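# Chains, contacts and geometry: an overview
Each chain, letter by letter, is given below.
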Protein chains: 2
Amino acid sequence: MLSPYLTQARAPLTHSITATNEAGEQETVSIPAERSLTVYVDKREIVTLMTLGVNPELLVLGYLLNQKLIATAPDVESITVDWDGSEEGGVAAVKTHAGIAAIEARTARRVVTSGCGQGSIFGGLLDDIDAIKLPDARLPQAALFDILSLIRQQDTTYKSSGSVHGCALFRVDAESKAATLLHHVEDVGRHNALDTLAGWMSLQATPDKASSTAAWNNFDLVLYTTGRLTSEMVIKSAQMGVPFVVSRSGITQMGFDVATRLGLGTIGRALNTRYLCYTGAGKIER
Amino acid sequence: MLSPYLTQARAPLTHSITATNEAGEQETVSIPAERSLTVYVDKREIVTLMTLGVNPELLVLGYLLNQKLIATAPDVESITVDWDGSEEGGVAAVKTHAGIAAIEARTARRVVTSGCGQGSIFGGLLDDIDAIKLPDARLPQAALFDILSLIRQQDTTYKSSGSVHGCALFRVDAESKAATLLHHVEDVGRHNALDTLAGWMSLQATPDKASSTAAWNNFDLVLYTTGRLTSEMVIKSAQMGVPFVVSRSGITQMGFDVATRLGLGTIGRALNTRYLCYTGAGKIER
C-alpha cells in the first residue's frame with residue numbers, strides 16, 4: 001500500500017496587472033492565476049480543471065477520490081503534472097495500478113452543481129450518501145474560535161489577490177480545547193481547494209507518507225471553508241469523514257438537508273467570535 | 001422564427017430554518033433553495049443543474065445557448081419544466097425543431113471551470129472565442145455609478161438569505177448617461193444566473209416576444225455580476241455580445257487575458273462610487 005509517485009509541478013500563483021481606478025489613477029494590482037489542467041487517467045482524458053495551480057498533483061488525486069473514481073491513494077501509481085512551460089495550462093497524467101472499472105460509464109453522466117460556478121460531479125455521488133457514517137463528535141466553542149483566529153492569521157493568496165477560495169483542516173485537542181491547523185489550501189474554485197485537501201488527507205493515511213500531524217482521529221477534525229455550504233460541499237466533507245464543517249459564508253437548503261441526513265455539524269457566518277450553527281447545535285460545547 | 005413555448009414552473013425560493021448562534025440563542029434564518037433540474041434534450045439526458053429555481057425554463061434555454069448546443073431561441077420548440085411536487089428536484093424536457101447535430105460528441109468532452117464551484121462547460125467553447133466581435137462601446141462613469149446604485153436598491157434573495165449570486169443587464173443612455181435595469185437574475189450559482197440572463201436576452205431578440213425594454217443596441221449594454229470574473233464568466237459575457245462587464249468581485253488571470261484578447265471592458269471591486277477597471281480603461285468616459 002504505497003502512496004503514488006507525485007511530481008512537484010510549480011507555477012506562479014499571482015500576476016501583477018495595471019488597473020485604473022475611479023479617479024483615473026493607475027494602480028498595480030495582484031490577480032490570481034487561473035490555468036487549465038487536463039486530466040488523463042491511464043491515457044483516457046476525463047476532465048479539464050481550471051485551477052490556481054498550487055498543488056496540482058494533490059488536486060487531481062483528491063478529485064479522483066471525491067468523484068469515487070478511486071477508493072484510496074495507493075490505487076494510483078503516479079500523477080505526473082507538466083505545465084508544459086505554458087502559462088495557460090498543462091496536463092496531468094494519472095497512472096493507476098489496476099485501472100478504473102467501467103470508467104466510461106462512470107464518467108458519462110454529469111451533474112452540474114451549485115457553488116458560484118456550475119460545479120460538476122459525476123452522477124451517482126448523491127445516491128449512496130446514506131452509506132456514510134460520521135463519528136459522533138463534540139466541538140468546544142473555544143476551539144471553534146481558535147480556528148477562526150488561526151484562519152485570520154494565515155498568509156494567503158486571498159489577502160494578496162482576492163478572488164480565490166480557501167479551505168483548511170484542523171485538529172481539535174479535546175483536553176486543551178486548542179485547535180491545530182493541519183493543512184490549508186487555496187484555489188480559484190472552492191471545490192478544487194476541497195479536493196486538494198482530500199488528496200492531502202489521503203496521503204497522510206498511507207503508512208509510508210503518514211506525517212506526525214496525521215495522528216488524528218476523525219472525530220478530532222474540523223473543516224473550514226470560505227465557500228458556501230452547498231449540497232456538493234456538504235457531501236464531499238462527509239465523504240472525507242469530517243464531522244464538523246465551518247464556513248465564512250452560509251448554507252443552501254439542500255446543503256442543510258443533506259447535512260441533517262448525515263448528522264454532519266454545519267456552522268456558517270463564522271467570523272471572529274460569531275457564528276450560526278445550522279445543524280448539530282447539540283454537539284457544540286459552550 | 002417563433003420563440004419556444006415555455007412553462008412557468010415555480011417553486012419556493014427560500015426556506016426558514018432555526019439556527020443557534022454563539023450565545024446559544026436560537027434564530028430563525030432564511031436560506032436559499034437549492035434543487036436539481038435534470039435536462040433532457042429530445043429525450044436525451046444531457047445534464048443536471050443545481051438551481052435556486054427562479055426561472056428554470058430561461059436557465060435551460062440560456063444554458064443550451066451558452067453551451068452553443070443551439071444557435072437561437074427559436075431552435076427550441078418547447079421547454080417543459082416539472083418540479084414534480086418535489087422540493088428536491090425536477091425535470092426539464094426540451095423539444096427542438098430540428099434536433100441538435102452530433103449532440104453525443106458535443107456533450108462528451110468536459111471542461112470543469114473555476115468559479116467557486118467546478119463550473120462545467122463542454123469542450124470547444126474556448127476554441128472559437130476569436131470569432132466573437134464586440135461593439136466598440138464607451139461607458140460614462142456616471143452611468144456606471146448609476147448601475148451600482150440601482151443594484152443596491154434591488155430587493156433580492158441575497159438580502160434575505162445570502163448564499164446566492166446575482167447578475168443583471170443594464171442599458172445605458174448615451175445622452176442622459178442614465179442606466180436602465182433591463183433584467184435581474186439570481187441563482188445559487190453565478191453561472192446559472194448568467195445563463196438565465198442569456199435565455200431572457202435571447203427571447204427579447206425574437207420578434208414575437210420582443211419587449212419595449214429590448215430596444216437596445218449591444219453597445220448600450222452593461223452586464224453586472226456579483227461573481228468573480230473568471231475565464232468562463234468573461235467568455236459567456238462576450239458570447240452574449242455585451243461590451244462591458246462589472247463585478248462586485250475581482251478577476252482571475254485567464255479572465256483578464258481573455259477579456260484583453262476580446263476587447264471586453266472589465267471592471268471589478270465595483271461598489272458605490274469605487275471600482276477598478278482591469279481592461280478597456282480607455283473606453284470609460286470620466
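Just above sits the structure.
Throughout this description, residue numbers start from 1 for each chain and increase along the sequence as written. Following the order in which they are written, the chains are lettered starting with A and the ligands numbered starting with 1. At least 70 in pLDDT is required for a residue's local features to be given in this predicted model, at least 80 for side-chain atom pairs to be given and counted, and no such filter applies to totals for whole chains, interfaces and linings, which use all residues. In computing side-chain properties, one takes all heavy atoms of the structure into account and sets aside hydrogens as well as water.

It is worth spelling out the overall build of chain A at this point. A run of H or I in DSSP becomes a helix once it reaches four residues, and a run of E becomes a strand once it reaches two; helices and strands are each numbered from the N terminus. The helix and strand tally for chain A stands at seven helices and 17 strands. Only protein chains enter the area calculation, which uses a 1.4 Å probe; residues under 20% of their type maximum are buried, those over 50% are exposed, and those in between are partly exposed. The 286 residues of chain A split such that 62% are buried. Residues count as neighbours in contact if any of their non-hydrogen atoms are within 4.5 Å of one another. Of the contacts formed within chain A by residues at least 6 apart in sequence, a portion of 56% connects residues at least 24 apart. In these tables, accessible area is a Shrake-Rupley quantity obtained with a 1.4 Å probe, and a residue counts as shielded only by the protein chains included in the view. Carbon and sulfur atoms make up 51% of the accessible area of chain A, which amounts to about 10500 Å² in all.

Right, let's get into the relation of the copies chain A and chain B. Superposing chain A onto chain B requires a rotation of 180° together with a translation of 0.0 Å along the rotation axis, leaving an RMSD of 0.0 Å. Overall, the copies show the geometry of a two-fold rotation axis. Counting the interface residues of chain A, we find that 99% of their copies in chain B are interface residues as well, pointing to one common contact surface. Only residues with pLDDT of at least 70 in both copies contribute their C-alpha atoms to the least-squares superposition of the copies.

Moving on, we come to the interface of chain A and chain B. The figure often quoted for interface size is the accessible area lost as the parts come together. Facing the 78 residues of chain A at the interface are 77 residues of chain B. When two parts are brought into contact, each loses some accessible area as probed by a 1.4 Å sphere; the total of that loss over both is the buried area. In this assembly, chain A packs against chain B so that about 5600 Å² is buried in total across both faces, 48% of it on carbon and sulfur atoms. Salt bridge, as applied in this entry: a Lys or Arg side-chain nitrogen positioned within 4 Å of an Asp or Glu carboxyl oxygen. Inspection of the chain A/chain B interface yields two salt bridges. Of the charged contacts in the structure, one is a salt bridge between A:Glu22 and B:Arg274, with a shortest N-O distance of 3.3 Å. In protein, a polar contact requires one atom able to donate a hydrogen and another able to accept it; more generally it is a pair of N or O atoms within 3.5 Å, and residues adjacent in sequence count only if both atoms are side-chain atoms. The interface formed by chain A and chain B includes 20 residue pairs in polar contact (both at pLDDT 80 or more). Considering every element that reaches the side of chain A that touches chain B, the biggest residue donor is strand E5 (residues 44-51) of chain A, with seven residues. Three classes are used: nonpolar for Ala, Val, Leu, Ile, Met, Phe, Trp, Tyr, Cys and Pro, charged for Asp, Glu, Lys and Arg, and polar for all others, with Gly counted as polar. Along the lines of polarity and charge, the residues of the side of chain A that touches chain B split into 27 nonpolar, 33 polar and 18 charged. Here the rule is simple: two strands pair whenever DSSP picks up at least two bridges between them. Sheet topology places strand E2 (residues 14-21) of chain A next to strand E16 (residues 274-279) of chain B; two bridges connect them, and they run antiparallel. Within E16(B), the position partnered with A:Asn21 by the bridge is B:Leu276.

The strands making up a sheet are joined through hydrogen bonds of the backbone, oriented either antiparallel or parallel. With respect to topology, eight strands assemble into an open sheet ordered E12(A)-E11(A)-E13(A)-E14(A)-E15(A)-E16(A)-E2(B)-E3(B), the strand pairing being mixed. If you trace the sheet from one side to the other, it starts and ends with strand E12 (179-187) of chain A together with strand E3 (26-32) of chain B, each paired once. Pairs of neighbouring strands in the sheet enclose a mean axial angle of 30°, with direction left out of account. Where helix H7 (residues 253-262) of chain A meets the sheet, it contacts strand E15 (265-271) and strand E16 (274-279) of chain A together with strand E2 (14-21) and E3 of chain B, and its direction lies at approximately 65° from that of E16(A). All axes are obtained by fitting lines to C-alpha atoms, using only the stretch in contact for helices, and the reported angles, taken between N-to-C directions, cover 0 to 180 degrees.

A word on the packing of aromatic side chains. Residue and element names in this part refer to chain A. Stacked, edge-to-face and tilted are the three classes for Phe, Tyr and Trp ring pairs, Trp counted by its six-membered ring, which pair at centre distances within 6.5 Å; planes under 30 degrees apart are stacked, over 60 edge-to-face, the rest tilted. Tallied over the full model, the rule gives two aromatic pairs over all chains. Relative to Tyr275, the ring of Phe145 has its centre 6.2 Å away and its plane inclined at 55°; by these criteria the two rings are tilted. One end of the pair, Phe145, is in helix H3 (residues 141-153); the other, Tyr275, is in strand E16, with 130 residues separating them in the sequence. Using a relative accessible area of 22% as the deciding quantity, one classes Phe145 as partly exposed. Sitting above the plane of the Trp83 ring, Arg35 keeps its charged end 5.3 Å from the centroid. Distance and angle both matter: a charge sits over a ring if NZ of Lys or CZ of Arg is within 6 Å of the ring centre and within 35 degrees of the ring normal.

Take the packing of helix H1 (residues 56-66) of chain B against helix H5 (residues 190-204) of chain B next. All names here are of chain B. Contact geometry of H1 with H5 gives a least axis separation of 7 Å together with a crossing angle of 90°. In terms of orientation, H1 and H5 fall into the roughly perpendicular class. Only Asn192, Leu194, Asp195, Thr196, Ala198, Gly199, Trp200, Ser202 and Leu203 of H5 make contact with H1, whose side of the interface consists of Leu58, Leu59, Leu61, Gly62, Tyr63, Leu65 and Asn66. Residues of the contact of H1 with H5, tallied by class, amount to nine nonpolar, six polar and one charged. The labels follow the angle: roughly parallel below 35 degrees, roughly antiparallel above 145, roughly perpendicular from 65 to 115, and oblique for the rest.

Along the chain, B:Thr260 falls in helix H7 (residues 253-262). The spatial distance from the C-alpha of B:Thr260 to the C-alpha of B:Pro32 is 35 Å, given a sequence separation of 228 residues.

Let us look at the sheet that holds E16(B). As summarised here, the arrangement of the eight strands in space is E3(A)-E2(A)-E16(B)-E15(B)-E14(B)-E13(B)-E11(B)-E12(B), forming an open sheet in which the pairing is mixed. A single partner strand is all that each edge strand has here, and the edge strands are strand E3 (26-32) of chain A together with strand E12 (179-187) of chain B. Ignoring strand direction, the axes of neighbouring strands in this sheet form an average angle of 30°. With three bridges connecting them, strand E14 (residues 244-247) of chain B and strand E15 (residues 265-271) of chain B associate as parallel partners. Along E15(B), the bridge assignment pairs B:Val246 with B:Ile267.

Here is the key point about a regular strand: its side chains alternate between the two faces of the sheet. All names here are of chain B. With seven of its eight residues buried, strand E11 (residues 165-172) lies for the most part within the structure. Once E11 ends, the chain turns through six residues before running back antiparallel as E12, passing Lys177 with a positive phi of about 60°. As paired strands, E11 and strand E13 (residues 221-225) are joined by five bridges and run antiparallel to one another. Directly across from Phe170, in E13, lies its bridge partner Val222.

It is worth spelling out the pattern of salt bridges at this point. Residue and element names in this part refer to chain A. Tallying each qualifying case throughout the model produces ten salt bridges over all chains. Among the salt bridges present, the one from Lys236 reaches Glu232, with a minimum N-O distance of 3.3 Å. In this pair, Lys236 and Glu232 both sit in helix H6 (residues 231-239), four residues apart, roughly one turn of the helix. Here Lys236 falls in the buried class, since its relative accessible area comes to 0%. Glu232 sits in the buried class, given a relative accessible area of 1%. Residues joined in a network through salt bridges with shared partners are Asp195, Glu232 and Lys236.

Moving on, we get to H3(A). For a helix, the expected span equals 1.5 Å multiplied by the number of residues minus one. Between its terminal C-alpha atoms H3(A) stretches 19 Å, which fits the 18 Å expected from 13 residues at 1.5 Å a residue. Inspection of H3(A) places A:Gln141, A:Ala143, A:Leu144, A:Ile147, A:Leu148, A:Ser149 and A:Ile151 among the buried residues, and these make up the whole buried set.

Residues and elements named next belong to chain A. For E15, the tally of buried residues reaches five of seven residues, placing the bulk of the element in the interior. With four bridges joining them, E15 and E16 adopt antiparallel strand pairing. Bridge pairing in E16 links Thr266 to Thr279. Linking E15 back to E16 in an antiparallel pair, the connection comprises two residues, with Asn272 at a positive phi of about 55°.

What follows deals with the packing of H6(A) against H7(A). All names here are of chain A. Packing of H6 against H7 leaves a shortest axis separation of 7 Å and a crossing angle of 25°. In terms of orientation, H6 and H7 fall into the roughly parallel class. Relative to H7, H6 is oriented so that their crossing is right-handed. Every residue of H7 that contacts H6 at Ser231, Val234, Ile235 and Ala238 is listed here: Met254, Gly255, Val258, Ala259 and Leu262. When the residues that make up the contact of H6 with H7 are grouped by side-chain class, the tally is seven nonpolar, two polar and no charged. For a crossing to be left-handed, the near helix must be turned anticlockwise from the far one by less than a right angle; the clockwise case is right-handed.

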